[in-house]
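The chain contents come next:
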Amino acid sequence: ATLTKEEILRIATEEGVNFIRLMFTDLFGTVKNVEIPLSQLGKALNNQMMFDGSSIEGFARIQESDMYLHPDLNTWLIFPWTPGEAKIARLICDVYNVDGTPFAGDPRSNLRRVLDEMKALGFAQFNLGPEAEFFLFKLDENGLPTRELNDNGGYFDFAPLDLAENCRRDIVIELEKLGFEIEASHHEVAPGQHEIDFKYDDVLSACDKIQTFKLVVKSIARKHGLYATFMPKPIAGINGSGMHCNVSLFHEDGTNAFYNPEGELQLSETAYHFLAGILTHVRNFTAVSNPTVNSYKRLVPGYEAPVYVAWSPSNRSPLVRVPASRGLGTRLEVRSVDPSANPYLALAAILASGLDGVKNKLTPPASVEENIFEMNQEELDAHHITSLPGSLSEALQLLEDDEVVKAALGHHIFEKFVAAKHAEYDEYRLSVHEWELRRYMSLL
Ligand code: ADP
Ligand code: MG
Ligand code: MG
Ligand code: MG
Ligand code: MG
């Protein structure tokens, strides 16, 4: 149940909260915060907390730099740990312009805008269950991350191989204290790689949880002398880290709009249209779901990450899988997304793509049961299977041509995002990499 402003003020005082972090996310998925003392909480709860947005990348022009933070009362939370003496709470905020309109460059407000379009089509809720994977590296004596992994474990391994077990368990305990419903946690396929799954939620809350999840994973790992990274492919030659996104639409009465016991595979027409929309736009939203140079080192054959645009109800290799569970658990699993994505932007793109399929009654291609990675080009062509972009640069070109995904980001975010990502790619292109030196130095 949502607390009122008065209840939050009372709880904050009774619990002896000293500082409140007003948090929001920038275009690139980084959590930003303005910390206020308890004395300012009343003002903040009345949406009167102003901050200077001009210093935040991708946010505003200098002349319109004043912005207001509107705390989402649903996100009130007191952190269970105390750095030093202070007790700290947080509120996640939407960013507003001085004139009282939502700021177009705020990814969270932007996702709300796409959710309004969903509601106009008659759906009540968009659910997300994310599976964010991460690696644990050892810290050196200066507290800096090394390239050394914490263990040599593999999928579902037990201690003593899984040396990070205590760390992962502590992470789960902290997350539960923060109200996360943890469904499972396990060692992943690669050494040093882990996954912790929490229960799906309304997409806005689930994206907030992803942001909190990353902060908790990083800070608890550090307490264990480890460095947690959500970088998609920190080590060549082993699996990278993905963030599979399990998604579904609910009706007002709480039933799952993707489920139809009479339908083919017990899926509804809506599920097929939504799936078709995702498959139609996925190559074009890859710049958003996989937004770093490094993301494209993960999207290669041989490491369980998808490369080809296809779906399947059984096989785990395609880009979209329909997991076996039905009823409330009926969902699509989008497997290309990685944890470097800004979740608010990636999910806005996925939702808008799916809704485009629903609006235009798009039909998905036939599912693919064969191992796509064993097909040659002729077989791929015969099945009309295309590939995801191979680089951030290619992905940006595809994004620039997709009106549905552009509209999902809105003009402001699209412009700033694309400009920043082109600059990022150029910086990469202009640097000389280890590989080039190894390959050419002695040869040429
Ligand atoms: P996998 O089999 O791919 O490893 P996991 O069990 O790790 O999948 O994660 C499945 C995720 O799907 C969980 O976060 C779970 O809460 C979520 N989920 C379950 N039902 C739904 C639903 N209807 N909509 C969205 N997500 C769902
Ligand atoms: Mg999983
Ligand atoms: Mg599982
Ligand atoms: Mg996994
Ligand atoms: Mg999965």
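That block above? That's the structure.
Residues numbered from 1 in each chain as written. Chains lettered and ligands numbered in written order. Predicted model: local features only at pLDDT ≥ 70, side-chain atom pairs only at ≥ 80, totals over all residues. Heavy atoms only, no water.

Right, let's get into the coordination of the magnesium ion (ligand 4). Taken together, Glu-133 (OE), Glu-188 (OE) and Glu-195 (OE) make up the protein donors of the magnesium ion (ligand 4), found 2.0 to 2.2 Å from the metal. Counting gaps between the donor residues of the magnesium ion (ligand 4) yields the pattern E-x54-E-x6-E. Here the magnesium ion (ligand 4) and the magnesium ion (ligand 2) are spaced 4.0 Å apart, linked through Glu-195, which binds each one. Pair noted here: Glu-133 is in strand β7 (residues 125-139) and Glu-188 is in the loop between β9 (182-187) and β10 (193-198), with a separation of 55 residues, a long-range link. Residue Glu-133 is classed as buried on the basis of its relative accessible area of 9%. (Donors = N, O, S within 2.8 Å, 3.2 Å for Na, K, Ca; no water. Helix = DSSP H or I, 4+ residues; strand = E, 2+ residues; numbered from the N terminus. Buried < 20%, exposed > 50% of the residue type's maximum accessible area, 1.4 Å probe, protein only.)

In this section: the coordination of the magnesium ion (ligand 2). Octahedral metals with six donors have ideal donor angles of 90 or 180 degrees. Tetrahedral metals with four donors have an ideal donor angle of 109.5 degrees. Only Glu-131 (OE) and Glu-195 (OE) from the protein reach the magnesium ion (ligand 2) as donors, at distances of 2.1 Å. A distance of 4.1 Å spans the gap from the magnesium ion (ligand 2) to the magnesium ion (ligand 3). Pair noted here: Glu-131 is in strand β7 and Glu-195 is in strand β10, with a separation of 64 residues, a long-range link. A single burial state applies to Glu-131 and to Glu-195, both of which are buried.

Take the packing of aromatic side chains next. What the rule picks out here adds up to 14 aromatic pairs. When the centroid spacing of 6.2 Å and the interplanar angle of 35 degrees are considered together, the rings of Phe-135 and Phe-137 count as tilted. For the pair Phe-135 and Phe-137, one class covers both residues: buried. Plain terms: the ring middles of Tyr-272 and Trp-311 are 6.2 Å apart, the flat faces sit at 75 degrees to each other, and that makes the pair edge-to-face. With Tyr-272 in helix α6 (residues 269-289) and Trp-311 in strand β14 (residues 311-312), this pair connects stretches of sequence that are 39 residues apart. For the residue pair Tyr-272 and Trp-311, the accessibility class agrees, reading buried in each case. Joined through ring pairs, the aromatic side chains of Phe-134, Phe-180, Phe-198, Phe-213 and Phe-230 make up one cluster. The ring centre of Tyr-200 lies 5.2 Å from the NZ or CZ of Lys-199, which sits over that ring. (Phe/Tyr/Trp six-rings, centres within 6.5 Å; stacked < 30°, edge-to-face > 60°. Lys NZ or Arg CZ within 6 Å of the ring centre and 35° of its normal.)

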